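# Overview (structure and organization)
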Amino acid sequence: MAVPETMRAVRITRHGGPEVLEAAEVSVPAPRAGEVLVRVGAVALNNTDLWTREGAYGRPGAPKTLSGWRGPIDFPRIQGADVAGRVAAVGAGVAESLAGRRVVVDPAIYDGDGPDANPVGLMGSERDGGYAEYVTAPVERVHDMTGSPLADDQLAALPTAYGTALGMIARGRLREGETALVSGASGGVGLALVQIARARGARVVAVSSGVKIGAVHDAGAHAVVDRARDVAEQVRAAAPDGIDVALDVVAGELVGEGLPLLREGGRWVVAGALGGYDLRFDVRRLYLHNAQVIGSAMHTPTHFGLLMDLARRGAVRPVIAGTFPLERAADAQQELARRGHVGKIVLRP
(Lines give C-alpha, C1' and ligand atoms only; values in the text may rest on other atoms or scores of the structure.)
Protein backbone atom coordinates (compact mmCIF):
# COMPACT_ATOMS: atom_id res chain seq x y z
CA MET A 1 0.00 0.00 0.00
CA ALA A 2 1.18 3.53 -0.78
CA VAL A 3 2.53 5.40 2.22
CA PRO A 4 2.30 9.22 2.31
CA GLU A 5 5.13 11.45 3.50
CA THR A 6 3.12 13.14 6.26
CA MET A 7 0.34 12.14 8.61
CA ARG A 8 -2.06 13.54 11.17
CA ALA A 9 -1.07 12.96 14.80
CA VAL A 10 -1.99 14.15 18.29
CA ARG A 11 0.94 14.67 20.64
CA ILE A 12 1.96 16.31 23.90
CA THR A 13 4.85 18.75 24.24
CA ARG A 14 4.60 19.09 28.04
CA HIS A 15 2.70 17.68 31.01
CA GLY A 16 -0.69 19.14 31.85
CA GLY A 17 -4.43 18.90 31.29
CA PRO A 18 -6.30 17.94 28.11
CA GLU A 19 -5.31 21.28 26.60
CA VAL A 20 -1.73 20.05 26.08
CA LEU A 21 -2.94 17.54 23.45
CA GLU A 22 -2.02 19.17 20.14
CA ALA A 23 -3.03 18.10 16.63
CA ALA A 24 -0.09 18.25 14.22
CA GLU A 25 0.98 17.29 10.72
CA VAL A 26 4.17 15.28 11.11
CA SER A 27 6.38 13.04 9.00
CA VAL A 28 5.35 9.42 8.68
CA PRO A 29 8.00 7.44 10.61
CA ALA A 30 10.16 5.12 8.53
CA PRO A 31 10.46 1.57 9.87
CA ARG A 32 14.02 0.76 10.86
CA ALA A 33 15.66 -2.65 10.51
CA GLY A 34 13.51 -5.21 12.31
CA GLU A 35 10.48 -2.93 12.44
CA VAL A 36 7.16 -2.60 10.62
CA LEU A 37 5.03 0.45 9.85
CA VAL A 38 1.40 0.00 10.87
CA ARG A 39 -1.47 2.03 9.49
CA VAL A 40 -3.62 2.61 12.58
CA GLY A 41 -7.20 1.40 12.30
CA ALA A 42 -8.10 2.03 15.93
CA VAL A 43 -6.29 3.05 19.12
CA ALA A 44 -7.85 2.50 22.54
CA LEU A 45 -7.49 4.86 25.50
CA ASN A 46 -6.16 3.84 28.90
CA ASN A 47 -5.59 5.47 32.25
CA THR A 48 -1.91 5.41 31.31
CA ASP A 49 -2.72 8.06 28.69
CA LEU A 50 -4.11 10.38 31.36
CA TRP A 51 -1.33 9.78 33.85
CA THR A 52 1.43 10.09 31.26
CA ARG A 53 -0.05 13.35 30.01
CA GLU A 54 -0.34 14.64 33.58
CA GLY A 55 3.09 13.30 34.58
CA ALA A 56 1.38 11.56 37.48
CA TYR A 57 3.56 8.49 37.90
CA GLY A 58 6.16 10.07 40.16
CA ARG A 59 9.64 8.70 40.77
CA PRO A 60 11.07 6.44 43.49
CA GLY A 61 11.53 8.60 46.56
CA ALA A 62 9.81 11.54 44.86
CA PRO A 63 6.13 10.63 44.36
CA LYS A 64 5.12 14.17 43.36
CA THR A 65 7.73 14.50 40.60
CA LEU A 66 6.27 14.85 37.10
CA SER A 67 7.12 11.69 35.22
CA GLY A 68 6.00 9.37 32.47
CA TRP A 69 5.37 5.66 32.95
CA ARG A 70 9.02 4.90 33.70
CA GLY A 71 10.75 8.26 33.81
CA PRO A 72 11.04 11.63 32.05
CA ILE A 73 9.18 11.93 28.73
CA ASP A 74 11.14 12.79 25.59
CA PHE A 75 8.84 15.52 24.22
CA PRO A 76 7.12 15.86 21.83
CA ARG A 77 5.45 12.48 22.35
CA ILE A 78 2.61 10.90 20.39
CA GLN A 79 0.42 9.11 22.90
CA GLY A 80 -1.52 5.86 22.54
CA ALA A 81 -0.43 2.36 23.58
CA ASP A 82 -3.15 0.15 22.13
CA VAL A 83 -3.06 -0.18 18.35
CA ALA A 84 -4.83 -2.37 15.83
CA GLY A 85 -4.33 -1.84 12.10
CA ARG A 86 -2.58 -3.15 9.00
CA VAL A 87 1.08 -3.42 8.12
CA ALA A 88 1.79 -0.70 5.56
CA ALA A 89 5.55 -1.24 5.09
CA VAL A 90 8.42 -3.28 6.51
CA GLY A 91 11.98 -2.43 7.42
CA ALA A 92 15.15 -4.26 6.49
CA GLY A 93 15.22 -7.89 7.54
CA VAL A 94 11.44 -8.21 7.85
CA ALA A 95 9.45 -10.53 5.59
CA GLU A 96 7.60 -8.66 2.85
CA SER A 97 4.70 -11.10 3.27
CA LEU A 98 3.67 -9.20 6.41
CA ALA A 99 2.60 -6.20 4.33
CA GLY A 100 -1.16 -5.87 4.33
CA ARG A 101 -1.67 -8.19 7.31
CA ARG A 102 -4.12 -7.16 10.02
CA VAL A 103 -2.22 -6.86 13.31
CA VAL A 104 -2.28 -5.93 16.98
CA VAL A 105 0.82 -4.36 18.53
CA ASP A 106 2.14 -5.43 21.93
CA PRO A 107 2.88 -1.97 23.42
CA ALA A 108 5.38 -3.12 26.05
CA ILE A 109 9.10 -2.39 25.93
CA TYR A 110 10.70 -5.31 27.77
CA ASP A 111 13.84 -5.70 29.86
CA GLY A 112 14.98 -8.71 27.84
CA ASP A 113 14.18 -11.11 25.03
CA GLY A 114 12.84 -14.04 27.04
CA PRO A 115 9.21 -15.18 27.28
CA ASP A 116 8.93 -13.97 30.89
CA ALA A 117 10.55 -10.55 30.40
CA ASN A 118 9.09 -7.65 32.37
CA PRO A 119 7.82 -4.40 30.81
CA VAL A 120 10.04 -1.39 31.51
CA GLY A 121 8.58 0.99 28.96
CA LEU A 122 5.37 1.60 27.04
CA MET A 123 4.40 2.78 23.59
CA GLY A 124 2.89 6.24 23.92
CA SER A 125 5.20 7.03 26.83
CA GLU A 126 8.74 5.77 26.19
CA ARG A 127 8.23 5.68 22.39
CA ASP A 128 5.67 7.22 20.05
CA GLY A 129 2.26 5.59 20.01
CA GLY A 130 -0.93 5.30 18.04
CA TYR A 131 -2.64 8.70 18.28
CA ALA A 132 -1.68 9.00 14.63
CA GLU A 133 -2.35 7.56 11.21
CA TYR A 134 0.84 5.47 11.32
CA VAL A 135 3.12 4.02 13.98
CA THR A 136 6.26 1.85 13.91
CA ALA A 137 6.82 -1.22 16.07
CA PRO A 138 9.42 -4.00 16.37
CA VAL A 139 8.30 -6.95 14.26
CA GLU A 140 8.45 -9.32 17.26
CA ARG A 141 5.80 -7.16 18.97
CA VAL A 142 3.37 -7.37 16.04
CA HIS A 143 0.80 -10.18 16.16
CA ASP A 144 -1.05 -11.31 13.03
CA MET A 145 -4.80 -11.12 13.66
CA THR A 146 -5.97 -11.40 10.05
CA GLY A 147 -8.33 -14.27 10.87
CA SER A 148 -9.81 -12.83 14.07
CA PRO A 149 -13.59 -12.25 14.14
CA LEU A 150 -13.07 -9.14 16.30
CA ALA A 151 -13.42 -5.65 14.82
CA ASP A 152 -10.49 -3.21 14.93
CA ASP A 153 -12.12 -1.35 17.83
CA GLN A 154 -12.25 -4.57 19.86
CA LEU A 155 -8.73 -5.62 18.93
CA ALA A 156 -7.38 -2.21 19.96
CA ALA A 157 -9.13 -2.59 23.33
CA LEU A 158 -7.07 -5.68 24.17
CA PRO A 159 -3.36 -4.93 24.72
CA THR A 160 -3.14 -2.88 27.91
CA ALA A 161 -6.45 -3.75 29.59
CA TYR A 162 -6.59 -7.46 28.82
CA GLY A 163 -2.81 -7.86 28.94
CA THR A 164 -2.79 -6.27 32.39
CA ALA A 165 -5.68 -8.51 33.46
CA LEU A 166 -3.92 -11.66 32.30
CA GLY A 167 -0.73 -10.57 34.06
CA MET A 168 -2.63 -9.99 37.32
CA ILE A 169 -4.41 -13.33 37.14
CA ALA A 170 -1.18 -15.20 36.34
CA ARG A 171 0.86 -13.49 39.06
CA GLY A 172 -1.98 -14.05 41.54
CA ARG A 173 -2.07 -17.75 40.58
CA LEU A 174 -5.87 -17.75 40.33
CA ARG A 175 -7.13 -21.32 40.03
CA GLU A 176 -10.41 -22.93 39.01
CA GLY A 177 -12.88 -23.00 41.88
CA GLU A 178 -11.29 -20.10 43.78
CA THR A 179 -13.08 -16.86 44.63
CA ALA A 180 -11.75 -13.65 43.08
CA LEU A 181 -12.54 -10.08 44.12
CA VAL A 182 -12.33 -7.56 41.25
CA SER A 183 -12.23 -3.83 42.03
CA GLY A 184 -13.00 -1.11 39.49
CA ALA A 185 -14.95 -3.74 37.59
CA SER A 186 -16.65 -1.45 35.07
CA GLY A 187 -13.41 -0.12 33.58
CA GLY A 188 -11.39 -1.67 30.79
CA VAL A 189 -9.09 -3.72 33.03
CA GLY A 190 -11.92 -4.51 35.43
CA LEU A 191 -14.22 -5.95 32.78
CA ALA A 192 -11.30 -7.91 31.36
CA LEU A 193 -10.60 -9.35 34.81
CA VAL A 194 -14.23 -10.36 35.24
CA GLN A 195 -14.35 -12.05 31.83
CA ILE A 196 -11.04 -13.89 32.11
CA ALA A 197 -11.46 -14.93 35.75
CA ARG A 198 -14.92 -16.29 34.97
CA ALA A 199 -13.52 -18.17 31.96
CA ARG A 200 -10.84 -19.63 34.25
CA GLY A 201 -13.57 -21.19 36.41
CA ALA A 202 -13.32 -18.77 39.34
CA ARG A 203 -16.25 -17.38 41.28
CA VAL A 204 -16.14 -13.61 40.70
CA VAL A 205 -17.23 -10.97 43.21
CA ALA A 206 -16.93 -7.54 41.61
CA VAL A 207 -17.01 -3.98 42.94
CA SER A 208 -18.88 -1.38 40.89
CA SER A 209 -21.57 1.24 41.35
CA GLY A 210 -24.89 2.61 40.16
CA VAL A 211 -26.05 1.91 36.63
CA LYS A 212 -22.79 0.06 35.85
CA ILE A 213 -23.67 -2.87 38.12
CA GLY A 214 -25.89 -4.52 35.50
CA ALA A 215 -23.18 -4.37 32.85
CA VAL A 216 -20.67 -5.96 35.22
CA HIS A 217 -23.15 -8.77 35.92
CA ASP A 218 -23.55 -9.21 32.15
CA ALA A 219 -19.77 -9.48 31.76
CA GLY A 220 -19.79 -12.56 33.98
CA ALA A 221 -19.60 -11.51 37.64
CA HIS A 222 -21.41 -13.88 39.99
CA ALA A 223 -22.02 -11.07 42.48
CA VAL A 224 -21.53 -7.30 42.31
CA VAL A 225 -21.19 -5.11 45.40
CA ASP A 226 -21.86 -1.38 45.40
CA ARG A 227 -18.77 0.69 46.15
CA ALA A 228 -21.03 3.50 47.43
CA ARG A 229 -21.84 1.34 50.47
CA ASP A 230 -19.69 -0.62 52.94
CA VAL A 231 -17.67 -2.76 50.52
CA ALA A 232 -16.12 -5.07 53.13
CA GLU A 233 -19.52 -5.88 54.67
CA GLN A 234 -21.01 -6.65 51.25
CA VAL A 235 -18.06 -8.83 50.25
CA ARG A 236 -18.35 -10.83 53.48
CA ALA A 237 -22.00 -11.47 52.65
CA ALA A 238 -21.25 -12.44 49.05
CA ALA A 239 -18.21 -14.59 49.93
CA PRO A 240 -18.63 -15.80 53.53
CA ASP A 241 -15.70 -18.21 53.19
CA GLY A 242 -13.37 -15.39 52.15
CA ILE A 243 -11.48 -14.28 49.03
CA ASP A 244 -8.65 -16.30 47.52
CA VAL A 245 -7.33 -13.62 45.15
CA ALA A 246 -8.08 -9.89 45.03
CA LEU A 247 -7.50 -8.33 41.61
CA ASP A 248 -7.24 -4.66 42.47
CA VAL A 249 -6.83 -1.62 40.20
CA VAL A 250 -8.15 0.82 42.83
CA ALA A 251 -5.88 0.43 45.91
CA GLY A 252 -6.36 3.32 48.37
CA GLU A 253 -8.44 2.47 51.44
CA LEU A 254 -9.67 -0.74 49.82
CA VAL A 255 -6.38 -2.52 50.56
CA GLY A 256 -6.51 -1.93 54.31
CA GLU A 257 -10.21 -2.74 54.47
CA GLY A 258 -9.91 -5.76 52.21
CA LEU A 259 -6.87 -7.65 53.49
CA PRO A 260 -8.87 -9.16 56.40
CA LEU A 261 -11.22 -10.65 53.77
CA LEU A 262 -8.48 -12.90 52.36
CA ARG A 263 -8.50 -16.58 53.18
CA GLU A 264 -5.38 -18.32 54.49
CA GLY A 265 -2.67 -17.97 51.86
CA GLY A 266 -4.67 -15.37 49.94
CA ARG A 267 -3.11 -13.06 47.36
CA TRP A 268 -3.84 -9.35 46.87
CA VAL A 269 -2.67 -8.25 43.41
CA VAL A 270 -2.36 -4.50 42.77
CA ALA A 271 -2.10 -3.03 39.27
CA GLY A 272 -3.40 0.49 39.74
CA ALA A 273 -4.01 3.29 42.21
CA LEU A 274 -7.28 4.93 41.19
CA GLY A 275 -8.18 5.23 44.87
CA GLY A 276 -4.78 6.53 45.97
CA TYR A 277 -1.21 5.32 46.25
CA ASP A 278 -0.46 6.22 49.88
CA LEU A 279 -1.70 3.14 51.77
CA ARG A 280 -2.10 2.04 55.38
CA PHE A 281 -2.85 -1.52 56.40
CA ASP A 282 -2.36 -3.86 59.32
CA VAL A 283 0.72 -5.93 58.50
CA ARG A 284 -0.46 -8.65 60.89
CA ARG A 285 -3.12 -9.53 58.32
CA LEU A 286 -0.21 -10.58 56.10
CA TYR A 287 2.16 -12.61 58.22
CA LEU A 288 -0.38 -14.24 60.51
CA HIS A 289 -2.31 -15.61 57.53
CA ASN A 290 0.50 -16.25 55.02
CA ALA A 291 -1.05 -13.68 52.72
CA GLN A 292 0.77 -11.84 49.95
CA VAL A 293 0.55 -8.39 48.37
CA ILE A 294 1.76 -8.60 44.76
CA GLY A 295 2.53 -5.77 42.36
CA SER A 296 1.66 -6.38 38.72
CA ALA A 297 2.60 -4.08 35.85
CA MET A 298 1.07 -5.13 32.55
CA HIS A 299 2.09 -8.49 31.05
CA THR A 300 4.97 -10.65 29.84
CA PRO A 301 5.42 -11.77 26.21
CA THR A 302 3.97 -15.14 27.25
CA HIS A 303 0.85 -13.53 28.70
CA PHE A 304 0.40 -11.43 25.56
CA GLY A 305 0.74 -14.45 23.31
CA LEU A 306 -2.00 -16.22 25.27
CA LEU A 307 -4.20 -13.15 24.90
CA MET A 308 -3.70 -13.04 21.14
CA ASP A 309 -4.66 -16.73 20.91
CA LEU A 310 -7.92 -15.92 22.71
CA ALA A 311 -8.56 -13.01 20.35
CA ARG A 312 -7.97 -15.09 17.24
CA ARG A 313 -10.75 -17.41 18.40
CA GLY A 314 -13.00 -14.56 19.49
CA ALA A 315 -12.94 -16.05 23.02
CA VAL A 316 -12.81 -12.55 24.55
CA ARG A 317 -15.03 -9.74 23.32
CA PRO A 318 -14.21 -6.32 24.73
CA VAL A 319 -17.05 -3.89 25.38
CA ILE A 320 -16.67 -0.61 23.45
CA ALA A 321 -18.13 2.34 25.33
CA GLY A 322 -17.63 4.94 22.60
CA THR A 323 -15.53 6.06 19.65
CA PHE A 324 -14.03 9.43 18.73
CA PRO A 325 -12.17 10.75 15.68
CA LEU A 326 -8.46 11.41 16.20
CA GLU A 327 -8.93 15.19 16.30
CA ARG A 328 -11.13 14.82 19.38
CA ALA A 329 -8.51 13.02 21.46
CA ALA A 330 -8.82 15.63 24.23
CA ASP A 331 -12.59 15.08 24.41
CA ALA A 332 -12.04 11.34 24.51
CA GLN A 333 -9.57 11.66 27.40
CA GLN A 334 -11.99 13.88 29.31
CA GLU A 335 -14.71 11.28 28.79
CA LEU A 336 -12.34 8.61 30.11
CA ALA A 337 -11.50 10.74 33.16
CA ARG A 338 -15.19 11.18 34.04
CA ARG A 339 -15.49 7.39 34.49
CA GLY A 340 -19.16 7.37 33.60
CA HIS A 341 -18.76 4.68 30.95
CA VAL A 342 -18.51 0.89 30.88
CA GLY A 343 -15.79 -0.63 28.70
CA LYS A 344 -13.24 0.99 26.42
CA ILE A 345 -13.07 4.32 24.59
CA VAL A 346 -11.46 4.20 21.14
CA LEU A 347 -10.03 6.73 18.68
CA ARG A 348 -10.30 6.06 14.94
CA PRO A 349 -7.59 7.83 12.98
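Heads up: the structure comes first, above all this text.
Residues numbered from 1 in each chain as written. Predicted model: local features only at pLDDT ≥ 70, side-chain atom pairs only at ≥ 80, totals over all residues. Heavy atoms only, no water.

The strands making up a sheet are joined through hydrogen bonds of the backbone, oriented either antiparallel or parallel. Pairing is antiparallel across the open sheet formed by three strands, whose spatial order is β2-β1-β4. Edge positions in the sheet fall to β2 (21–27) and β4 (77–78), since each of these pairs with one other strand and no more. Pairing of strand β1 (residues 6–12) with β4 involves two bridges; the strand directions are antiparallel. By the bridge assignment for β4, isoleucine 12 is matched with arginine 77. (Pairing = 2+ DSSP bridges. Helix = DSSP H or I, 4+ residues; strand = E, 2+ residues; numbered from the N terminus.)

Bringing the environment of isoleucine 196 into the picture now. Take isoleucine 196: it is sitting in helix α4 (residues 188–199). Taking the relative accessible area as the measure of exposure, isoleucine 196 reaches 5% and is therefore buried. Separated by 42 residues in the primary sequence, isoleucine 196 and glutamine 154 have C-alpha atoms spaced 15 Å apart. If we ignore the near neighbours within four places in the chain, the residues touching isoleucine 196 are Tyr162, Ala165, Leu166 and Ile169. (Buried < 20%, exposed > 50% of the residue type's maximum accessible area, 1.4 Å probe, protein only. Contact = heavy atoms within 4.5 Å.)

We now examine the pattern of salt bridges. Under the definition given, this model contains 18 salt bridges. Note that arginine 8 and glutamate 133 form a salt bridge whose closest N and O atoms lie 3.4 Å from each other. A residue pair is termed long-range when its members are at least 10 positions apart, and arginine 8 in strand β1 and glutamate 133 in the loop between β8 (119–122) and β9 (134–138) qualify at 125 residues. By relative accessible area, which is 18% here, glutamate 133 ends up buried. Across the pair arginine 53 and glutamate 54 runs a salt bridge, and its minimum N-O distance is 3.3 Å. (Salt bridge = Lys/Arg side-chain N within 4 Å of Asp/Glu carboxyl O.)

Let's shift gears to unusual backbone geometry. The amide bond that connects phenylalanine 75 to the next residue, proline 76, takes the cis arrangement and shows omega of -10°. On the secondary structure map, proline 76 appears in the loop between α1 (47–54) and β4. For asparagine 290, which is not glycine, the phi dihedral falls at a positive 55°. Within the fold, asparagine 290 resides in the loop between α8 (284–287) and β16 (292–295). Although it is not a glycine, arginine 339 adopts a positive phi angle of roughly 55°. Locating arginine 339 in the fold gives a position in the loop between α10 (329–338) and β18 (344–348).

Geometric values such as these leave the question of function open.
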